[in-house]
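Residues per chain are reported as follows:
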Amino acid sequence: MDIKTIAVTYHRKFNLGDYESLELGCSLWAQIDPEEDADGVTQFLYQQAKASVKEAARPVIQESLHQMNKVRMQRQSTKAQTETELDNF
């Protein structure tokens, strides 16, 4: 059996917190000659698709972490302020 085309699809779902998620995917195809290593091409395509998904997700995840940290700091500030007000009562 001659393999002429190889297709690889990689999907990943990232949890962003607060009931939000991001799902990204990448599909890659390659035409190969009969003498080429089909397994090697498949592994190469898989690694390329995986790297592409990670790179696309990086800015969204960083922004999400920044927003989550901002909310966390705001909550801590509010809690500390409430405790101070109770102490001064």
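Counting restarts for each chain: residues are numbered from 1 in the order of the written sequence. Given that this is a predicted model, residues contribute local features only at a pLDDT of at least 70 and side-chain atom pairs are listed and counted only at 80 or more, while totals for whole chains, interfaces and linings are drawn from all residues. The side-chain values count all of the structure's non-hydrogen atoms but skip hydrogen atoms and water molecules.

## Brief notes about the environment of K50
Argument step 1. Numbering goes from the N terminus for both helices and strands, where a helix is a DSSP run of H or I of at least four residues and a strand is a run of E of at least two. Within the secondary structure, K50 sits in helix 1 (residues 38-88).
Argument step 2. Separated by 24 residues in sequence, K50 and C26 have C-alpha atoms that sit 7.6 Å apart.

## Regarding the nonpolar core
Argument step 1. Membership of the largest hydrophobic core is limited to eight residues, which are Y10, F14, L16, L22, C26, A49, V53 and A57.
Argument step 2. Elements represented by at least two residues in this core include exactly strand 1 (5-17), strand 2 (20-31) and helix 1.
Argument step 3. In what follows, a contact means two residues having at least one pair of non-hydrogen atoms within 4.5 Å. When neighbours within four sequence positions are excluded, L22 is seen to be in contact with R12, K13, F14, L16, A57 and V60. We define a nonpolar core as any set of buried Ala, Val, Leu, Ile, Met, Phe, Trp, Tyr and Cys residues linked to one another through side-chain atoms lying within 4.5 Å. Relative accessibility decides the category of a residue: with a 1.4 Å probe and only protein chains considered, values under 20% of the type maximum give buried, values over 50% give exposed, and everything between is partly exposed.

## Points about the environment of L65
Argument step 1. As for its placement among the helices and strands, L65 is situated in helix 1.
Argument step 2. Sequence spacing of L65 and L16 is 49 residues, and the spatial spacing of their C-alpha atoms is 7.7 Å.

## Some details on the packing of aromatic side chains
Argument step 1. Only centres within 6.5 Å qualify two rings of Phe, Tyr or Trp (six-membered ring in Trp) as a pair; their planes then separate them into stacked at under 30 degrees, edge-to-face at over 60, and tilted for everything else. As enumerated under the stated definition, the model contains one aromatic pair in all.
Argument step 2. Ring centres 5.6 Å apart and planes at 80° place the aromatic pair Y10 and Y46 in the edge-to-face group. Residue Y10 is found in strand 1, and its partner Y46 is found in helix 1; the two are separated by 36 residues along the sequence.
Argument step 3. Residue classification places Y10 among the buried residues on the basis of a relative accessible area of 11%.

## Looking at the pairing of strand 2
Argument step 1. By the bridge criterion, twelve bridges tie strand 1 to strand 2 in an arrangement that is antiparallel. Each bridged residue has a counterpart across the sheet, and for N15 the counterpart in strand 2 is S21.
Argument step 2. Between the end of strand 1 and the start of strand 2, which pair antiparallel, lie two residues, with D18 showing a positive phi angle near 50°. Any two strands with at least two DSSP-identified bridges between them are counted as paired.

## Digging into the environment of A7
Argument step 1. Examined against the element boundaries, A7 turns out to sit in strand 1.
Argument step 2. When the C-alpha positions of A7 and S27 are compared, they lie 7.0 Å apart, and in sequence the two are 20 residues distant.
Argument step 3. Apart from the residues within four sequence positions on either side, A7 is in contact with L28 and W29.

## Examining the pattern of salt bridges
Argument step 1. Any carboxyl oxygen of Asp or Glu within 4 Å of a side-chain nitrogen of Lys or Arg constitutes a salt bridge here. This structure, assessed with the given rule, holds one salt bridge.
Argument step 2. Here E55 and R58 are joined by a salt bridge, their closest N and O atoms 3.7 Å apart. Taken together, the residues span about one helical turn, with E55 and R58 both in helix 1 at a distance of three residues.

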